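Fold and geometry: a report
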Amino acid sequence: MRKPIIAGNWKMNKTPEEAKELVAALIPLVKDAACDVVVCPPFVDLCCVGNLIEGTNIRLGAQNVHWAEKGAFTGEISAEMLKARGVEFAIVGHSERRQYFGETDETVNKRALAALNAGITPIICVGESLEQRESGVTDAIVSSQTVAALNGMTNAQVESLVIAYEPIWAIGTGKTATKEDANATIGVIRRAIAGVFGEETAEKVRIQYGGSMNPKNAGELMAMPEIDGGLIGGASLKADDFSKVVHF
Ligand code: PGA
C-alpha cells in the first residue's frame, strides 16, 4: 500500500512573516491528516517554517536542490545545506524550471541523485505541454522524462522517491486533467518505471497528480487507483484550502 502524500508548492510566494502566518494556521487544521503532508516554501522561509513545524506532522520540502556538494555556484543551494535545516523533500524538475531556467532531463537527474545521496526525497516533476498532448505524444514524453530522471538509481532509491505528474497546460490555469486522463498517464509513468526497474519497484513508487488540484476536485482525483497524492500550487497558499485538499 502506498501512503498518500499531499505537498504544497508555494512557488515564489510568501515573505517569512507571511509564511509563518500560513503555517501557523495550517498546523491545527492538518494535525489529524491520514496522509503525508509536506510544505515547500521558498528558500528564505525554510528556517522559520522549519522551526514552527517542529514536532508536528507537517514535513519540510524545498523547491529545488543543486547537484554539487559546495562551491562556486552563485544562487544555488546544496542538498547538505537543506538537510541541515531539516528539509526532507525537494521538488526537482518542475515545469517552470524546465521552461524558464533551462532545466533539462540531465540536470533533473543530477539534482535528484544529489538529493537522494543526502537523504532528501526528491519529488520529480514530469508532464507534457498542450501542444504535445494534442499531437498525441503525451505517453512518450512522460515516459522518457521519467526514465531519464531515474538514470543511474538503485531500485531502493527509486522506491523511496516521489514523482509528480503535472500536465503543463493544467498548472495555474484552473484546467484540471480529468481523473481518467490523470490516472491513465500516471499508469503510463508506472509502466515506464517497471520497464527499467521491474514491476515490484514500480508498484512502490508514489506518483502524485499536480495541476489546478483544489478542495473541489481533490476527492475524485485521489479516489483513482494510480493517483497517490497531489502537488498543489495555488490552493496551497491558503491554509483552509490546503487543509481541505489534505483531508480529500
Ligand atoms: P497549481 O500548481 O496547483 O497552481 O496548478 C501546481 C504546481 O505547479 O505544482
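Described below are features of the structure shown in this document.

What counts and what doesn't
Residues numbered from 1 in each chain as written. Predicted model: local features only at pLDDT ≥ 70, side-chain atom pairs only at ≥ 80, totals over all residues. Heavy atoms only, no water. Pairing = 2+ DSSP bridges. Helix = DSSP H or I, 4+ residues; strand = E, 2+ residues; numbered from the N terminus. Axes fitted to C-alpha atoms, helices over the stretch in contact; angles between N-to-C directions. Contact = heavy atoms within 4.5 Å. Buried < 20%, exposed > 50% of the residue type's maximum accessible area, 1.4 Å probe, protein only. Salt bridge = Lys/Arg side-chain N within 4 Å of Asp/Glu carboxyl O. Left-handed = near helix turned anticlockwise from the far one by under 90°. Nonpolar A, V, L, I, M, F, W, Y, C, P; charged D, E, K, R; others polar. Near = heavy atom within 4 Å. Polar contact = N/O pair within 3.5 Å; in protein donor to acceptor, adjacent residues only side chain to side chain. Areas by Shrake-Rupley, 256 points an atom, 1.4 Å probe, with all protein chains shown as cover. Core = buried A, V, L, I, M, F, W, Y, C linked by side-chain atoms within 4.5 Å. Parallel < 35°, antiparallel > 145°, perpendicular 65-115°, else oblique.

Here the focus is the sheet that holds strand 4 (residues 89-92). Spatially, 1-2-3-4-5-6-7-8 is the arrangement adopted by the 8 strands of the closed barrel, whose pairing is parallel. Each neighbouring strand pair of the sheet contributes to a mean axis angle of 25°, computed without reference to strand direction. In terms of strand pairing, strand 4 meets strand 5 (residues 121-126) through 4 bridges, oriented parallel. Each residue of the ladder has a partner; that of alanine 90, found in strand 5, is proline 122. Along the sheet face, helix 7 (residues 138-149) touches strand 5 and strand 6 (162-165) and points at about 155° away from the line of strand 5.

A few words on the pairing of strand 6. Side chains on a regular strand alternate between the two faces of the sheet. What you see with strand 6 is no split at all: Val162 and Ala164 on one side and Ile163 and Tyr165 on the other are buried throughout. Alignment of strand 5 against strand 6, held across 4 bridges, turns out to be parallel. Opposite valine 126, over in strand 6, you have tyrosine 165 as the bridge partner. Here strand 6 pairs with strand 7 (residues 206-210) via 4 bridges, running parallel. Residue pairing in the sheet places tyrosine 165 in a bridge with tyrosine 209 of strand 7.

Our focus in this paragraph is the pattern of salt bridges. Counting across every chain of the model gives 20 salt bridges. We note a salt bridge from lysine 204 to glutamate 159, for which the minimum N-O separation is 3.8 Å. Here the residue lysine 204 occupies a position in helix 10 (residues 199-204), and glutamate 159 occupies one in helix 8 (residues 155-160), the gap between them amounting to 45 residues. Accessibility expressed as a relative area gives 41% for lysine 204, which makes it partly exposed. Its salt-bridge partner being aspartate 240, residue lysine 244 comes within 3.1 Å of it at the nearest N-O pair.

What follows concerns the environment of isoleucine 207. Looking at where isoleucine 207 falls in the secondary structure, it is placed in strand 7. Its relative accessible area of 0% is what places isoleucine 207 among the buried residues. Isoleucine 207 sits 81 residues away from valine 126 along the chain, and the two C-alpha atoms are 10 Å apart.

Put simply, helix 1 (residues 16-30) and helix 12 (residues 239-246) touch, their axes get as near as 9 Å, and they point 30° apart. Both helix 1 and helix 12 take part in a crossing whose hand is right-handed. Two secondary-structure elements touch here, helix 1 through Leu22, Ala25, Leu26, Leu29 and Val30 and helix 12 through Ala239, Asp240, Phe242, Ser243 and Val246. Residues that form the contact of helix 1 with helix 12 fall into these classes: 8 nonpolar, 1 polar and 1 charged.

Before going further, it helps to examine the site of the ligand. Close to the ligand lie 13 residues, the nearest being Lys11, His94, Glu166, Gly172 and Ser212. The side chain of asparagine 9 places a nitrogen or oxygen atom 3.5 Å from an oxygen atom of the ligand. One of the side-chain N or O atoms of histidine 94 is found 2.7 Å from an oxygen atom in the ligand. Its free accessible area being 280 Å², the ligand has 95% of it covered by the protein chains. Split by residue class, the shell around the ligand holds 4 nonpolar, 7 polar and 2 charged.

Okay, the nonpolar core next. For soluble globular proteins, nonpolar side chains are generally found buried alongside one another. Formed by 66 residues in total, the largest nonpolar core has its most connected members in Val49, Ile193 and Tyr209. Looking at this core, the element that brings in the most residues is helix 9 (residues 179-197), giving 7 residues. The contacts of valine 49, once residues within four sequence positions are left out, are Trp10, Ala19, Val23, Val39, Pro41 and Leu60. Counting residues in hydrophobic clusters, the runner-up holds 11 residues, among them Ala7, Ile91, Val162 and Leu231.

For the pair helix 7 and helix 9, interaxial distance at closest approach is 9 Å and the crossing angle is 45°. Relative to helix 9, the element helix 7 is oriented oblique. As for the relative orientation of helix 7 and helix 9, their crossing is right-handed in sense. On helix 9, the residues that touch Thr138, Asp139, Val142, Ser143, Thr146 and Val147 of helix 7 are Thr185, Val188, Ile189, Ala192, Ile193 and Val196. Of the residues contributing to the contact of helix 7 with helix 9, the split by class is 7 nonpolar, 4 polar and 1 charged.

Once that is clear, we can look at unusual backbone geometry. Phi at lysine 14 is positive, roughly 85°, even though this residue is not glycine. Among the structural elements, lysine 14 can be located in the loop between strand 1 (5-9) and helix 1. Unlike most non-glycine residues, serine 212 shows phi in positive territory, near 55°. Checked against the element boundaries, serine 212 lands in the loop between strand 7 and helix 11 (218-222).

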